[in-house]
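Reading the structure
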Amino acid sequence: NKYPYNNGHIMIAPYRHINDITALTNEEYCEMFNLLKKVIKTLNNIMKPDGYNIGFNLGKTAGAGFDEHLHLHIVPRWNGDTNFMPVIADVKVMPEYIEKTYQKIIEEIKKL
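We now turn to the structure provided with this report. (Residues numbered from 1 in each chain as written. Predicted model: local features only at pLDDT ≥ 70, side-chain atom pairs only at ≥ 80, totals over all residues. Heavy atoms only, no water.)

Observations concerning the overall build of the chain
Where we set the bar: Note on conventions: DSSP H or I runs of at least 4 residues are helices, E runs of at least 2 residues are strands, and numbering of each starts at the N terminus. Exposed residues in this analysis have more than 50% of their type's maximum accessible area, buried residues have under 20%, and partly exposed residues fall in between, with area computed by a 1.4 Å probe over protein chains only. Using a 1.4 Å probe, the Shrake-Rupley method yields the accessible areas, and only the shown protein chains count as cover for residues.
Scanning the chain from N- to C-terminus turns up 3 helices and 3 strands. Along the chain, helices and strands appear, N-terminal first, in the series β-α-β-β-α-α. The buried share of the chain, reckoned over its 112 residues, is 29%. With an accessible surface of roughly 7,700 Å², the chain has 56% of that area assigned to carbon and sulfur atoms.

Structural notes on the pattern of salt bridges
Working definition: two side chains of opposite charge can pair if their charged atoms are close together. Just so we agree on the cut-off: Whenever a carboxyl oxygen of Asp or Glu lies within 4 Å of a side-chain nitrogen of Lys or Arg, that contact is scored as a salt bridge.
Tallying each qualifying case throughout the model produces 2 salt bridges. For Arg16, the salt bridge is made with Glu28, and the minimal N-O distance between the two is 2.7 Å. Taken as a pair, Arg16 in the loop between β1 (10-12) and α1 (26-46) and Glu28 in helix α1 lie far apart in primary sequence, 12 residues in all. Between Lys111 and Glu108 there is a salt bridge; the shortest N-O distance is 3.5 Å. In this pair, Lys111 and Glu108 both sit in helix α3 (residues 98-111), 3 residues apart, roughly one turn of the helix.

Re empty space enclosed by the protein
Our working definition: A pocket here means an open set of points on a 1 Å grid, computed over the protein atoms alone, that has protein on both sides within 12 Å along at least five of seven lines. A cavity is instead a set of points where a 1.4 Å probe fits but cannot get out; residues with an atom within 4 Å of a point line either one. Grid points are joined across faces, edges and corners, and a volume is the space filled by probe spheres set on the points. Classes in brief: Ala, Val, Leu, Ile, Met, Phe, Trp, Tyr, Cys and Pro nonpolar; Asp, Glu, Lys and Arg charged; the others, Gly included, polar.
Tallying each qualifying case throughout the model produces 1 cavity of 30 Å³ or more. Quantified by volume, the largest cavity comes out at close to 60 Å³. Considering the residues around the largest cavity, the lining is formed by 10 residues, among which Asn57, Gly59, Asp67, His69 and Leu70 are closest to the centre. Taken together, the residues that form the lining of the largest cavity break down as 4 nonpolar, 5 polar and 1 charged.

Things to note about α1
Where we set the bar: A helix's residues, less one, multiplied by 1.5 Å, set its expected span. Taken from the helix axis, the directions to the C-beta atoms give the arc we talk about.
Here α1 spans 30 Å end to end across 21 residues, near enough to the 30 Å set by a 1.5 Å rise per residue. Every buried residue belonging to α1 is among Glu28, Met32, Leu36, Val39, Ile40, Thr42 and Leu43, and all of these are buried. Seen along its axis, α1 keeps its buried residues to an arc of 165°; they face one direction. For α1, the exposed residues set more than 90 degrees away from the buried face come down to Asn26, Glu27, Lys37 and Lys41. Looking one or two residues past α1, Lys48 carries a phi angle of roughly 50°, positive in sign.

Honestly, it's all geometry; don't read function into it.
This is how it looks when you write it as structure tokens:
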């Protein structure tokens with residue numbers, strides 16, 4: 001994700017350029033959700049989050065920043081991971097350089 005909510009925020013999108021979840025073929029649906037399981041295993045192994053926010057934002061009104069292409073968000077969450085910085089200073093605090101997190105994810109996902 002170009003603008004991650006937390007470190008490890010990953011998006012899964014089908015190869016086919018669609019924005020309607022009901023238009024997914026069974027093969028596309030299964031591929032996305034099988035990849036979701038792999039992503040969860042990967043993030044559990046390297047980041048050990050306390051939980052996850054997982055979901056689709058379907059349409060601009062629902063918060064989709066890029067509503068022309070269907071995508072699934074996986075956001076790892078930790079107890080206490082939100083703070084006053086985004087509210088008071090409009091600043092996002094990331095505990096690790098995003099490129100370092102990316103490299104860890106790539107290395108771990110190759111192992112699965």
